[in-house]
Amino acid sequence: MPSAKPFTSAAGALRNRLLPSLRTRGGGESGPSRWTSPGHQDRPNGYLFNRTPLPPGQTRQWEDWELPCYVTSFLTVIILGVGLSAKPDLTIETWAHQKALERLASESSGSE
């Protein structure tokens, strides 16, 4: 049986070659990483979407993208609702049921 020494030395060389590159990918090093960033705020402020509430008596102004987005979404729901409810029934079960009814009708008219 061959010795395991060549495999052990090859595994050690491979480990020494790969581990330094794995260590530098953000695992144990200190400093900034490209995968994590501190963010723009020290800590959450407790409000939804980090928006502070408006003073009493003021209403929130809509942003430029909101009206087209809401109108498009509403129209999409309406068009899909009407379109999907009016689509023809093309399932195999419906087709087979219609064929079975046609056969029964032709058998009953042929036997009389």
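What you see is a predicted model, and the numbers here were worked out from it, not measured in a lab. (Residues numbered from 1 in each chain as written. Predicted model: local features only at pLDDT ≥ 70, side-chain atom pairs only at ≥ 80, totals over all residues. Heavy atoms only, no water.)

*Asks:* Before we move on, can you summarise the overall build of the chain with the specific residues and values?
*Replies:* Counting secondary structure elements, the chain contains three helices and zero strands. For the chain, the succession of helices and strands along the chain, N to C, is α-α-α. Split into buried and exposed, the 112 residues of the chain put 2% on the buried side. Entry remark: accessible area of the chain is about 11100 Å², with carbon and sulfur atoms responsible for 62%. (Helix = DSSP H or I, 4+ residues; strand = E, 2+ residues; numbered from the N terminus. Buried < 20%, exposed > 50% of the residue type's maximum accessible area, 1.4 Å probe, protein only. Areas by Shrake-Rupley, 256 points an atom, 1.4 Å probe, with all protein chains shown as cover.)

*Asks:* Please set out the pattern of salt bridges residue by residue, giving values where relevant.
*Replies:* Should their charged atoms come close, side chains of opposite charge can pair. Enumeration over the complete set of coordinates arrives at three salt bridges. Between R51 and E63 there is a salt bridge, and its shortest N-O distance comes to 3.5 Å. Taken together, the positions of R51 in the loop between helix 1 (5-23) and helix 2 (66-85) and E63 in the loop between helix 1 and helix 2 put the pair 12 residues apart, joining distant regions of the chain. Of the residues examined, R51 reaches a relative accessible area of 45% and is grouped as partly exposed. (Salt bridge = Lys/Arg side-chain N within 4 Å of Asp/Glu carboxyl O.)

*Asks:* I'd like a description of a nonpolar patch on the surface, backed by residues and values.
*Replies:* On the surface, a cluster of nonpolar side chains totalling about 1100 Å² of accessible area is made up of W62, W65, L67, Y70, V71, F74, L75, I78, I79 and V82. When you line up the elements, Y70 lands in helix 2. (Patch = residues over 30% accessible without salt bridge, like charges linked within 9 Å, V, L, I, M, F, W, Y side chains within 5 Å.)

*Asks:* Which residues make up the confidence of the model for the chain, and what are the values?
*Replies:* Mean pLDDT over the chain: 82, with 73% of residues reaching 70 or higher. Per-element mean pLDDT across the chain ranges from 73 in helix 1 up to 97 in helix 2. (pLDDT = per-residue confidence, 0-100.)

*Asks:* So what about the packing of aromatic side chains? Which residues, and what values?
*Replies:* Evaluation of the coordinates by the stated rule reveals one aromatic pair. Summarising the aromatic geometry, the rings of W62 and Y70 are spaced 5.4 Å apart at their centres and angled 80° between planes, so their arrangement reads as edge-to-face. Its relative accessible area of 49% is what places W62 among the partly exposed residues. (Phe/Tyr/Trp six-rings, centres within 6.5 Å; stacked < 30°, edge-to-face > 60°.)

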